[in-house]
Amino acid sequence: MSQTTPLSQESSDHAHKHHQPGFIGRYIFSTDHKVIGIQYLFSSLLFLLVGGGLALLVRLQVGYPDQSIGILTRLIPGLASQIPAEWGGRMSPEFYTMLFTMHATVMIFLVIIPWLTGAFGNFLIPLMIGARDMAFPLLNMLSYWFMWPAFGLLMASFFVDGGASGVGWTAYPTISSADLIDGSYNSPAARHAGLGQTLWLLAVFFSGVSSMMGSVNYITTVLHMRAPGMSLLRMPLTVWSLFITAILQAVALPALTVAALMQLSDKILGTVFFLPPGGAQFGAWSTGAGGGQPLLWQHLFWFYSHPAVYIMLLPAMGMVSDILAVFARKPLFGYRPMVYSMSAIAGLGFIVWGHHMFQSGMDPRLGAGFMLATIFIALPSAVKTFNWLATLWAANIRFTTAMLNAMAFVSMFVIGGLSGIFMAVTPVDVQIHDTYFIVAHIHYVLFLSTLFGLFAATQFWFPKMFGRMMSEPLGKLHFALTFILANCTFYPMHILGIGGHPRRYFDPTLYEFLQPFQSLNRFMTISAMLLGLAQLIFLANFIFSVFFGKKATQNPWESNTLEWQAPSPPPHGNFESIPVVYRGPYEYGGDGATDHTPQTASA
Amino acid sequence: MLLDKGPSAAFEATEPAVLHFNWSASEHWIPLALTAVAFFTWLLATRSNKYWAALIGLNAATLAGYTAWCACNQLWLPETANDLGAEVDGLFNLVLFLTSIFYFITQAVLIYTMVQKPPANGRAKPVHGNHTLEIAWMLVPAFFLAVIAIAQLPTWAKMKGQTSDSSIPVGYDPATDSSDLLVTVTGKQWEWRMRYADPAKAKPTNPLLWASTPAADDVHVVNELHAWQGAKVRLMLRTTDVIHSFFMPQFRFKQDMLPGKTIPALLRTDKTNINSDGTERCWEIACAELCGGNHYRMRGKVVVHATREDFMRWLSETKTKQTARKDSLAAATKPSDTPAGKE
Ligand code: HEM
Ligand SMILES: [Cu+2]
Ligand SMILES: [Cu+2]
């Protein structure tokens, strides 16, 4: 972990109890929110490499269905045994389903959520509200360490009998749940839905427990540990967004965790929560009678996973709002509407889960109700977009790397939000549901929005984390390449989806109606490879800057919020003395002596 | 050359795909060229930030232009095979139109802010918000969203409702089923099994019951759905194992099959895919819900005969073949569970 976090400058009025920690206590099992935040950051970068690699393999297969993956099976021992010999060095369809399942799982549960809430939530919340640490430091440490079993289980599952789970991150029964309970680990529904799926469920469980511990911590910290004068409506939007996200998680996660346990129990104890009364037949083998409902899983799953998509977006929205205001040198436009619209997204987010189930066999009247709620969730998103644009209007813009990424976020989020409306139109969704259109939508909101927000945030808060600056020229190069190549990789997916190209297809060339799209598939694969390469620039910049970056001053971006009142990097306990807050976070511009007025400046 | 698609491929690709990577194909060099464009923009942007505006602005414009190009070059919604298709596409176009307006306005404003003159003396006016503006830009999108929400309701009712003419979705009532043709479609790993009632007999009185209890003289077909032009087809969608999703792109039809349930659906076949010279346009069936490794192989086809007579002729022929095959098989196999197989 970071060797640059000095823990020696403890302040004397530092209230909370601590002993003198050794190396392990400081950097491995640390309870300091900043160290935990940085641990999360490093881990999610590592997982990003894993998840990205899996994605490139998925693309390789779709673009060039007859490509051999001999290099891979030779390099990774144990992998070859997962692919039947008759595929002659190519990946098998089962292996392909494992790849996209693991890609989604790693990206969602181990990259985006930990990077947003784990890394930035941990690092920023106490600093931005003027607290010395989280409310429950020990719980915080546990939350981090619960993520590792999840990662270990997922990776190990590639090498177990049957291979990793290959039933999609949505894990719909009965393909995921049907299992032989007599000690055999190969599911009759799909060889790779046996032990691999059991491990997947355990991983989701661990990651759920981890996030839950985090969110309890964030909620308590924001509610109880704000510095004097830091009223709720003086909190920066970053803190608001993380706070709302934590509430979403606390309310929605139990549904997923419980559902995962139910599916686990179906698999290993022989319960029938998700098995219909008539059971399911697989060749000569039958599960026997059930008594449950496959649809029940979909409801439980989406009851969590729709809010989860906002969990994966809101913190990026909050951080981008702050970054836009800082580099626009202008107050954020419409602070309160921004807070209200985030709350509205969170609230509405709980009643739209059915839009993932329009074609599931759910009653179409219910579908119409979900459609109405879904259409109107676009409204708060629109309001936010307008407020960002108004913030930039007549501003004195500084084109830093963080700012460029934040502006790209705005440009790209518009696309992701608008494609959502197509799918919310139920008759149109009939055509584009479970096609590449959805894949395009997901990636415009999660890659081109959230990940750009994360690049912006990482570049922006890096000086506070490590006391050094990331390189601006390298940052901008990474931005330019990523921006263009990500659009090349994901935009044509809309077109494929409109043409009806189903998602999760191992080999689309079998279909006559997909023939015209195959050259696009190759285009996207090449773009994706280049996009993957461009990320190495970011990694190199990151690692190089940790050690050799330019030394950062306390407030390099001339920002108003409290974290910049602490040294870079802040010592254990964060502040010399607890700051007192006199004003909101966005007082930029105007005709005063400087163009910004920190929150701690008294009248 | 026909491709070897691995073990037990049910279908061959109609056209060999470009298998090997070669730089002369535009899909291979364009990404590289665009990478170079991004690189040079980065170089130029060290001189002026306007180049960043150019990067983001050109991207937004290119995406729009590219979309239009695809729409004009058949990289778009497939041919429609029924009236409903026109309605769905109409809704699609409505949404495309409204979202485009929003897209162009927001992108234009964003680009404008990137090239605008910085405020005099480098200090922006500290504006914190504007109440009237906030109300306005909430009400305007709300209005358009309401239009979108309402405009789609009748089509949804027709697509998922069980009668063709109600403007709210109605549940299925076997007693009032007025369809012209009944087909039970059963998904199983990894094929579609279609079952028709014996053409010589009257339509089953309770289609729901018939869907779950096959009669001995039903006609079985694998991976081919037949009907005739102008028919109202009642599909009874079932699965024996996992969730599949019955997807026919030309019909704008997609419906999951749920283990344990029979899901009735109404399909209108307003157009035939038999050309006047007797050749057949390929209308495919695909599975749209991950159902295991061979999910991508659940390929089927739809044949909409020009007339009911043509269809009946096909059905009777299939029935005759099936009976012949059954007779020739030893009594050892259970006939009612064994589909006759695809010819
Ligand atoms: C602007 C408002 C939005 C609307 C109206 C909307 C609408 C929808 C709809 C209707 C679907 C289901 C499509 C289908 O399966 O047929 C969907 C899928 C999805 N959306 Fe959105 N969406 C919006 C914003 C977002 C945001 C902000 C995110 C994430 C940050 C997001 C992430 C996803 C994901 C991950 C899926 C696909 C899940 C899967 O099937 O694997 N959406 N969206
Ligand atoms: Cu959703
Ligand atoms: Cu399938």
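Residues numbered from 1 in each chain as written. Chains lettered and ligands numbered in written order. Predicted model: local features only at pLDDT ≥ 70, side-chain atom pairs only at ≥ 80, totals over all residues. Heavy atoms only, no water.

Asker: Looking at this structure, I do not really get the overall build of chain B. What am I missing?
Answerer: A count of helices and strands for chain B gives seven helices and ten strands. Counting only residues that meet the buried cut, chain B has 49% of its 343 residues in that class. Residue pairs in contact within chain B that sit at least 24 positions apart in sequence constitute 66% of those at least 6 positions apart. Taken as a whole, chain B presents about 15700 Å² of accessible surface, with 63% of it coming from carbon and sulfur. (Helix = DSSP H or I, 4+ residues; strand = E, 2+ residues; numbered from the N terminus. Buried < 20%, exposed > 50% of the residue type's maximum accessible area, 1.4 Å probe, protein only. Contact = heavy atoms within 4.5 Å. Areas by Shrake-Rupley, 256 points an atom, 1.4 Å probe, with all protein chains shown as cover.)

Asker: Please clarify how the overall build of chain A should be interpreted in this entry.
Answerer: When you go through chain A residue by residue, the secondary structure sums to 17 helices and two strands. For chain A, the C-alpha radius of gyration of 24 Å lies close to 25 Å, the compact-globule estimate for 603 residues. Expressed as lengths along the three principal axes of its C-alpha atoms, the size of chain A is roughly 80 × 50 × 50 Å. For chain A, the proportion of its 603 residues judged to be buried stands at 70%. Counted over contacts in chain A with a minimum sequence separation of 6, partners at least 24 positions apart contribute 79%. Only carbon and sulfur atoms are counted for the fraction: they give 69% of the accessible area of chain A, which is about 17000 Å². (Rg over C-alpha atoms; globule rule 2.2 N^0.38 Å.)

Asker: Teacher, can you tell me more about the interface of chain A and chain B here?
Answerer: It is common to give the size of an interface as the accessible area that goes away when the parts come together. Counting from both sides, the interface comprises 132 residues of chain A and, opposite them, 116 residues of chain B. Considering only the surface of chain A that becomes buried against chain B, F386, Q431 and L510 of chain A emerge as the three largest contributors, covering 6% of it. Here chain A and chain B share one salt bridge between them. Among the salt bridges present, the one from R522 of chain A reaches E27 of chain B, with a minimum N-O distance of 2.7 Å. Per element, the largest residue contribution to the side of chain A that touches chain B is 18 residues, and it comes from helix α12 (residues 364-392) of chain A. Of the residues assigned to the side of chain A that touches chain B, the class counts are 84 nonpolar, 31 polar and 17 charged. (Buried area = accessible area lost by both parts, 1.4 Å probe. Salt bridge = Lys/Arg side-chain N within 4 Å of Asp/Glu carboxyl O. Nonpolar A, V, L, I, M, F, W, Y, C, P; charged D, E, K, R; others polar.)

Asker: Just to check I follow, could you spell out the nonpolar core for this structure?
Answerer: Most often, soluble globular proteins keep nonpolar side chains buried together rather than apart. Among the nonpolar cores identified, the biggest contains 308 residues, and W115 of chain A together with Y196, L225, L235 and F246 of chain B are the most heavily contacted of them. Broken down by element, this core gets its largest block of residues, 25 residues, from helix α4 (residues 93-129) of chain A. Shared between two domains, this core takes at least three residues from each, and those domains are domain 1 (92-312) and domain 2 (320-553) of chain A. With residues up to four places along the chain from it excluded, the contact list for W115 of chain A reads L41, S44, L45, L48, F120, L451, L454, F455, T458 and F538 of chain A. Grouped together as the second largest cluster of nonpolar side chains are six residues, L182, A197, A211 and M236 of chain B included. (Core = buried A, V, L, I, M, F, W, Y, C linked by side-chain atoms within 4.5 Å. Domains from an automatic or database assignment.)

Asker: Can you help me understand a nonpolar patch on the surface in this one?
Answerer: On the surface, F23, I24, I28 and F29 of chain A cluster together to form a nonpolar patch covering roughly 380 Å² of accessible area. Positionally, F23 of chain A belongs in helix α1 (residues 23-28). (Patch = residues over 30% accessible without salt bridge, like charges linked within 9 Å, V, L, I, M, F, W, Y side chains within 5 Å.)

Asker: How should I be thinking about the sheet that holds strand β1 (residues 181-188) of chain B in this particular structure?
Answerer: Paired through their backbone hydrogen bonds, the strands of a sheet run either parallel or antiparallel. All names here are of chain B. Spatially, five strands are ordered β3-β2-β1-β5-β8 in an open sheet, and the strand pairing comes out mixed. One side of each edge strand has no neighbouring strand; the edge strands of this open sheet are β3 (219-222) and β8 (263-269). Averaged over all pairs of adjacent strands, the angle between strand axes in this sheet comes to 25°, irrespective of strand direction. Bridge count for β1 against strand β2 (residues 191-196) is six bridges, and the pairing is antiparallel. (Pairing = 2+ DSSP bridges. Axes fitted to C-alpha atoms, helices over the stretch in contact; angles between N-to-C directions.)

Asker: Can you help me understand the coordination of the copper ion (ligand 3) in this one?
Answerer: Six octahedral donors around a metal ideally subtend angles of 90 or 180 degrees, whereas four tetrahedral donors ideally subtend 109.5 degrees. Residues and elements named next belong to chain B. The copper ion (ligand 3) binds to the protein through C287 (SG), E289 (O), C291 (SG) and H295 (ND1), with metal-donor distances spanning 2.1 to 2.4 Å. Because the angles between the four donor atoms bound to the copper ion (ligand 3) fall within 90 to 129°, the donor set is best described as tetrahedral. Summarised as a motif, the one-chain spacing of the donors to the copper ion (ligand 3) is C-x1-E-x1-C-x3-H. Taken as a pair, C291 and H295 share a single burial class, namely buried. (Donors = N, O, S within 2.8 Å, 3.2 Å for Na, K, Ca; no water. Tetrahedral: all angles 85-135°; square planar, octahedral: opposite > 155°, others 65-115°.)

Asker: Help me understand the environment of A119 of chain A in this model?
Answerer: Along the chain, A119 of chain A turns up in helix α4. In contact with A119 of chain A, other than residues within four places in its own chain, are G37, Y40, L41 and P114 of chain A.

Asker: It is not clear to me how the pattern of salt bridges should be interpreted in this structure. Could you clarify?
Answerer: One side chain can pair with another of opposite charge once the charged atoms of both are near each other. What the rule picks out here adds up to 23 salt bridges over all chains. Salt-bridge contacts for D179 of chain A lead to K267 of chain A; the nearest nitrogen and oxygen are separated by 3.5 Å. With D179 of chain A in the loop between α6 (147-157) and α7 (195-224) and K267 of chain A in helix α8 (residues 237-268), this residue pair connects regions lying 88 residues apart in the sequence. The class for K267 of chain A is buried, based on a relative accessible area of 1%. Residues R252 of chain B and D89 of chain B are paired through a salt bridge, measuring 2.9 Å at the closest nitrogen-oxygen approach. You can see R252 of chain B sitting in the loop between β6 (244-248) and β7 (253-257) and its partner D89 of chain B sitting in helix α3 (residues 83-115), a full 163 residues away along the chain. One continuous salt-bridge network, built from bridges that share partners, spans R329, R398, E558 and D595 of chain A.

Asker: Please clarify how the coordination of the iron atom of ligand 1 should be interpreted in this entry.
Answerer: All names here are of chain A. Coordination of the iron atom of ligand 1 by the protein involves just one donor, H441 (NE2), at a distance of 2.1 Å. The copper ion (ligand 2) is placed at 4.6 Å from the iron atom of ligand 1. Locating H441 in the fold gives a position in helix α15 (residues 436-466).

Asker: Which parts of the structure should I look at to understand the side chain of K476 of chain A?
Answerer: For K476 of chain A, the location among the structural elements is in helix α16 (residues 472-498). Lacking a salt bridge, the buried K476 of chain A has E472 of chain A as its closest oppositely charged neighbour, with an N-O distance of 4.2 Å. Not counting chain neighbours up to four residues away, the residues in contact with K476 of chain A comprise F399, T400, T401 and L404 of chain A together with W42 and W52 of chain B. (Lys, Arg positive; Asp, Glu negative; His and termini not counted.)

Asker: Looking at this model, I keep getting lost on α7 of chain A. Mind explaining?
Answerer: Residues three or four positions apart in an α-helix share a direction because the helix packs 3.6 residues into each turn. Between its terminal C-alpha atoms α7 of chain A stretches 44 Å, which fits the 44 Å expected from 30 residues at 1.5 Å a residue. Summarising burial for α7 of chain A: 21 of the 30 residues are buried, a large majority. (Expected span 1.5 Å × (residues − 1).)

Asker: Looking at this structure, I do not really get the pairing of β7 of chain B. What am I missing?
Answerer: Looking along a regular strand, one sees the side chains alternate between the two faces of the sheet. Residue and element names in this part refer to chain B. Burial analysis of β7 places five of its five residues in the buried class, the great majority of the element. Side chains F253, Q255 and M257 project from β7 onto one buried face, and the interleaved K254 and D256 project onto a second face that is buried too. Sheet topology note: the β6/β7 ladder contains five bridges and is antiparallel. What sits directly across from M248, in β7, is F253. What sits between the antiparallel neighbours β6 and β7 is a turn of four residues, in which R252 has the positive phi angle 50°.

Asker: Mind showing me how you'd approach the packing of α8 of chain A against helix α11 (residues 335-348) of chain A here?
Answerer: When two helices pack together, their arrangement is given by the angle between their axes and by how far apart the axes lie. All names here are of chain A. Running from N to C, α8 and α11 point in directions that differ by 15°, and their axes come no closer than 10 Å. In terms of axis orientation, α8 runs roughly parallel to α11. Note on packing geometry: the crossing formed by α8 with α11 is right-handed. Judged by residue contacts, L237, W240, S241, I244 and L248 of α8 engage Y335, M338, V339, M342, S343 and A346 from α11. (Parallel < 35°, antiparallel > 145°, perpendicular 65-115°, else oblique. Left-handed = near helix turned anticlockwise from the far one by under 90°.)

Asker: Just checking my understanding: could you explain the confidence of the model for chain A for this structure?
Answerer: Low-pLDDT stretches of the model should not have their predicted coordinates read in fine detail. Mean pLDDT over chain A: 91, with 96% of residues reaching 70 or higher. Taken as a whole, residues 1-17 of chain A scores under 50 in pLDDT and shows 36 contacts with residues more than four places along the chain or in a different chain. (pLDDT = per-residue confidence, 0-100.)

Asker: What am I meant to see in unusual backbone geometry here?
Answerer: For residues other than glycine, phi is negative in most cases, and the peptide bonds are mostly trans. For the bond from P173 of chain A to T174 of chain A, the omega torsion is 5°, close enough to zero to count as cis. With an omega of -5°, the peptide bond between Q189 of chain B and W190 of chain B qualifies as cis. Phi is positive for Q74 of chain B, close to 60°, though the residue is something other than glycine. Tracing the sequence through the fold places Q74 of chain B in the loop between α2 (50-72) and α3. Not every positive phi belongs to a glycine, and R252 of chain B is a case in point at roughly 50°.

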